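Each chain is listed here by its residues.
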Amino acid sequence: MGIFKLGTMTLSSMFKKPETLLYPLETKEPPKGLKGSIAVDPSTCILCGMCMRNCPCSAIKVDKAARTWSINHFMCIQCQYCARTCPKGSLTMLPHYTAPATKIEEEVVPIPEQEKIAPPSE
């Protein structure tokens, strides 16, 4: 009985579409709710450092002096805790996987100076 079942599976797989993909040339549609990679909106970031302090794997670095925000995507565990603790909502999870790379590098995002609002003159 087992040989008959194995033969049926082998013959049926010859005429079906393969189950695997040639990643990174072919990609699947990301599933709903995928926690992919972190992205920062530099126009709303105030460099408070809450994301850096709350990151459990220390993947995020905030440099107030150089006005940069950086993340090592290969250290990030996609827990989304940094996005939940950001007071300005500057961090979001993008629904895609981190691109394959041969070298581990940090993504450094320059944060522009915030425009100060002058008090209304009378």
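Conventions adopted
- Residues numbered from 1 in each chain as written.
- Predicted model: local features only at pLDDT ≥ 70, side-chain atom pairs only at ≥ 80, totals over all residues.
- Heavy atoms only, no water.
- Helix = DSSP H or I, 4+ residues; strand = E, 2+ residues; numbered from the N terminus.
- Rg over C-alpha atoms; globule rule 2.2 N^0.38 Å.
- Buried < 20%, exposed > 50% of the residue type's maximum accessible area, 1.4 Å probe, protein only.
- Contact = heavy atoms within 4.5 Å.
- Areas by Shrake-Rupley, 256 points an atom, 1.4 Å probe, with all protein chains shown as cover.
- Lys, Arg positive; Asp, Glu negative; His and termini not counted.
- Charge placed at Lys NZ, Arg CZ, Asp CG, Glu CD.
- Core = buried A, V, L, I, M, F, W, Y, C linked by side-chain atoms within 4.5 Å.
- Pairing = 2+ DSSP bridges.
- Axes fitted to C-alpha atoms, helices over the stretch in contact; angles between N-to-C directions.

Undergrad: So what exactly am I meant to see when it comes to the overall build of the protein here?
TA: When its secondary structure is counted, the protein shows three helices and five strands. At 23 Å, the protein has a C-alpha radius of gyration far larger than the 14 Å of a compact globule built from 122 residues. Expressed along its principal axes, the backbone C-alpha trace of the protein runs to roughly 90 × 35 × 25 Å. Looking at the protein as a whole, 25% of its 122 residues qualify as buried. Within the protein, counting contacts between residues at least 6 apart in sequence, those at least 24 apart form 69% of the total. Accessible surface, the protein as shown: approximately 9600 Å² in total, 62% of it carbon and sulfur. Treating the 14 positive side-chain charges of the protein as one cloud and the 11 negative ones as another, the clouds have centres 11 Å apart.

Undergrad: What is the right way to read the nonpolar core from this model?
TA: The nonpolar side chains of a soluble globular protein tend to be buried, and buried together. The biggest cluster of nonpolar side chains holds 20 residues, and the ones touching the most others in it are Ile38, Cys51, Ile60, Trp69, Ile71 and Leu91. Other than its neighbours up to four places away in sequence, Trp69 contacts Ile38, Val40, Cys51, Ile60, Lys61, Val62, Leu91, Glu107, Val108, Val109 and Ile111.

Undergrad: Help me out: how do you make sense of the sheet that holds strand β2 (residues 60-63) in this one?
TA: Working definition: the strands of a sheet are paired by backbone hydrogen bonds and lie parallel or antiparallel to each other. One open sheet holds the three strands; their spatial order is β2-β3-β5, and the pairing between them is antiparallel. Only two strands of the sheet have a single partner each, and these edge strands are β2 and β5 (107-110). Between one strand axis and the next, the sheet turns by 15° as a mean value, whatever way the strands run. Across four bridges, the pairing between β2 and strand β3 (residues 68-71) is antiparallel. Bridge pairing in β3 places Lys61 opposite Ser70.

Undergrad: Looking at this structure, I do not really get the pairing of β3. What am I missing?
TA: Two faces make up the sheet, and in a regular strand the side chains alternate between them. Going residue by residue along β3, you find Thr68 and Ser70 tucked away on one face and Trp69 and Ile71 tucked away on the opposite face as well. As consecutive antiparallel partners, β2 and β3 are separated by four residues, and within that stretch Arg67 has a phi angle of approximately 55°, a positive value. In the sheet, β3 pairs with β5 via four bridges, with the strands oriented antiparallel. Paired with Thr68 across the strands is Pro110, a residue of β5.

Undergrad: For this particular structure, what's the right way to read unusual backbone geometry?
TA: A negative phi angle characterises most non-glycine residues, just as the trans form characterises most peptide bonds. The phi dihedral of Leu47 is positive, around 55°, even though this residue is not glycine. Inspection of the secondary structure puts Leu47 in the loop between β1 (37-40) and α2 (50-54). One non-glycine residue, Gln80, adopts positive backbone phi at about 70°. You can see Gln80 is positioned in the loop between β3 and α3 (81-85). Taking relative accessible area as the criterion, Gln80 reaches 29% and is therefore assigned partly exposed.

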